[in-house]
Amino acid sequence: MLSKLLKYEIKATGRVFLPLFLALLAFAGITRLIALIGQQQWDTPVAISLLIYGFIMVAMFVMTFVTMIQRFYRNLLADEGYLMHTLPVKPWQHIVAKLLISMFWIVVSGIVAFISILILALERGDLRDIVASVAPFLRRVLDQFGNWTYLFSLEMLIGSFLTLASGILLIYASMAIGHLFRKHRMLASFGAFIGLNTLSQILFGILIKIPKIAPFAGMPMNADEFQAQLPIIQEYVIYGIALSVLFCTIYFAVTQYILSKRLNLE
Amino acid sequence: MSVILECNGLTKTFGSKTALSDINLKIELGQIVGLLGPNGSGKSTLIKLANKLLTPTRGNILIGGQEPGIETKKIVSYLPERTYLNDWMRVHQIIELFTDFYQDFKPEKAYDMLKNLNINADDRLKTMSKGTKEKVQLILVMSREAELYFLDEPIGGVDPAARDYILKTIISNYNEKATVIISTHLIADIENILDSVVFINQGQIVLTSTVDEIRDEKGKSVDDLFREVFKC
């Protein structure tokens, strides 16, 4: 059932995002083309085209945010919920489907934005230059981190996804809490967001002090000192990930509880 | 006969307002039941509780002996009193959605009914009139081979000709193994297809009876009895 939900979620949101992606890439291309045809200076057509490009870029990122909220609110807590909640699907599957697709579009938007920048600005030979400058950087990272490099990269990746997920789940939980109120549910959701966010920060502040991880031995002065501290940094990163998981779980549990036990559609 | 719907002390309040008050009700399989009452009497609330769109304040509601949940959703086909379908979808896309999620959904039945009511499966819901949307929703709901159908005001917004077709559809889809619960205040139109009635007023059950009993014992039509009971 989850895969079917994901399929419909992609369909429902893709019709918004795909045209935006195409428009963004198209205007990056058009701007580039006009600039190539015209002289070197900045003339009006290029400026206009660039303005539209910028506008679409902003619209795209605003849409990822708006869609994240709207799909959850409209599809599960408003009229469309009459269909969604009568499908033989468990509430957690609805939440997971919405969450994964929201994350998916945010990541893809980032990738599309990056590609559009390449289309707009990439000159012949740039790629070679980029590779040439990145390679030594990577080599230095490898020198510094040694065998830890891959582990740290993986943890960074997991950490960013978890942070993104906990941000989205925080918003879902806020909307679910707002749903508990009979009137002014939007306002209540907003209040719930502020409240939940504040509580989370307090909890985070307390939790971060609990583990007995050895403190930093001052700023590392050279590669050897840095390497010696890596295990400590490693412990911090792992603990950070564990906290992200904890917060994701709390927000998810709140949302899940309200959707399955306290649903009251208008 | 086995009981398909059962309410025990079912109560639902919204703030200080009581929508349903201590409802006790048993409905058996294999009949068409009219859930009749004036506006705001609690008909929709009862149906929404059965579909888990609302959470009871007290008491419980059981469908085939189970609390509303994923298992009951598989056997309940529900027509809400409002349009809930995504505007941007085409009719055939919604049929695909229903086929995907409901094992008892029969797409050929749906296409057949669409043809009879002259609705194009390629049309988007956005372009349809309110009445046509209602017809589409009813077609979707009746194309399932469910055990329990809840039809909340199924004929309110459609023209008389379509009304006849819809009632005919309900009767022809209904079988010994299924129960249809129709909520409405347009009693005269559906009186002939009902087996029994539940009168509900201000959140309480006023009367449950078979239609034959009303006719034979009281010598009245359901419509007349309704007007008598709910006289303003």
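This is a predicted model, so every value here is computed, not measured.

Counting 100 residues, the largest nonpolar core has L169(A), Y172(A), Y149(B), F150(B) and V180(B) as its most contacted members. By residue number, the principal contributor to this core is helix α6 (residues 148-179) of chain A, which donates 10 residues. When residues of this core are sorted by domain, at least three fall in each of domain 1 (1-121) and domain 2 (123-266) of chain A. The residues touching F150(B), leaving out its near neighbours within four places in the chain, are I47(B), A50(B), N51(B), V76(B), Y78(B), L79(B) and I181(B).

A separate point is the pairing of strand β8 (residues 196-201) of chain B. Two strands pair when backbone bridges link them, and strand β3 (residues 32-36) of chain B and β8(B) are joined in this way by 4 bridges, in the parallel orientation. Bridge assignment links G34(B) to a residue of β8(B), and that residue is V197(B).

Okay, unusual backbone geometry next. Keep in mind that most residues, glycine aside, have a negative phi and that most peptide bonds are trans. Residues and elements named next belong to chain B. The phi torsion at E153 lies on the positive side, around 50 degrees, for a residue other than glycine. Counting through the fold element by element, E153 comes out in the loop between β6 (148-152) and α6 (160-173). We note that Q202 has phi near 45 degrees; this positive angle belongs to a residue other than glycine. Locating Q202 in the fold gives a position in the loop between β8 and β9 (204-210).

Working definition: the strands of a sheet are paired by backbone hydrogen bonds and lie parallel or antiparallel to each other. Residue and element names in this part refer to chain B. Pairing is mixed in the open sheet, where 6 strands are placed in the order β5-β6-β7-β3-β8-β9. Each edge of the open sheet carries a strand with a single partner, namely β5 (76-79) and β9. On average, each strand axis in the sheet is inclined to that of its neighbour by 15 degrees, with strand direction left out of account. Where β5 lies against β6, 4 bridges are found, and the strand directions are parallel. Bridging across to β6, Y78 finds its partner in F150. Those strands touched by helix α5 (residues 130-142) are β5 and β6, and its axis lies near 175 degrees from that of β5.

Next up on the list: the interface of chain B and chain A. Listed as interface residues are 21 residues of chain B and, on the opposing side, 19 residues of chain A. Of all the secondary-structure elements, those providing two or more residues to the side of chain B that touches chain A are α2 (70-75) and α3 (91-101) of chain B. Considering only residue class, the side of chain B that touches chain A consists of 11 nonpolar, 4 polar and 6 charged.

Residue and element names in this part refer to chain A. The assigned domain composition of chain A is domain 1 (1-121) and domain 2 (123-266). Placing a centre on the C-alpha atoms of domain 1 and another on those of domain 2 gives a separation of 23 Å. Listed by partner, the interface residues are 17 residues for domain 1 and 15 residues for domain 2. Among the elements of the structure, α2 (44-77), α3 (81-84) and α4 (91-121) are those that each provide at least two residues to the side of domain 1 that touches domain 2. No other element matches α4, which puts 8 residues into the side of domain 1 that touches domain 2.

Scored by pLDDT, chain B has a mean of 92; 100% of the residues are at 70 or more. Scoring the predicted complex yields pTM 0.92 and, for the interface, ipTM 0.92.

Moving on, we come to the packing of α2(A) against α6(A). Each pair of packed helices can be summarised by the angle the axes make with each other and by the distance between the axes. Residue and element names in this part refer to chain A. One way to put it is that α2 packs onto α6 with a least axis distance of 10 Å and a crossing angle of 35 degrees. The two elements α2 and α6 meet at a crossing, and its hand is right-handed. Where α2 abuts α6, its residues M68, I69, F72, Y73 and L77 lie against I168, I171, Y172, M175 and H179. By residue class, the composition of the contact of α2 with α6 is 9 nonpolar, 1 polar and no charged.

Turning next to the environment of A12(A). Position of A12(A) among the secondary structure elements: in helix α1 (residues 2-37). Distance from A12(A) to R71(A), taken between C-alpha atoms, is 8.8 Å for residues 59 residues apart in sequence.

Basis of the calculations
Residues numbered from 1 in each chain as written. Chains lettered and ligands numbered in written order. Predicted model: local features only at pLDDT ≥ 70, side-chain atom pairs only at ≥ 80, totals over all residues. Core = buried A, V, L, I, M, F, W, Y, C linked by C-beta atoms within 7 Å. Buried ≥ 20, exposed ≤ 12 C-beta atoms within 10 Å, placed from the backbone. Helix = DSSP H or I, 4+ residues; strand = E, 2+ residues; numbered from the N terminus. Domains from an automatic or database assignment. Contact = placed C-beta atoms within 7 Å. Pairing = 2+ DSSP bridges. Axes fitted to C-alpha atoms, helices over the stretch in contact; angles between N-to-C directions. Nonpolar A, V, L, I, M, F, W, Y, C, P; charged D, E, K, R; others polar. pLDDT = per-residue confidence, 0-100. Left-handed = near helix turned anticlockwise from the far one by under 90°.

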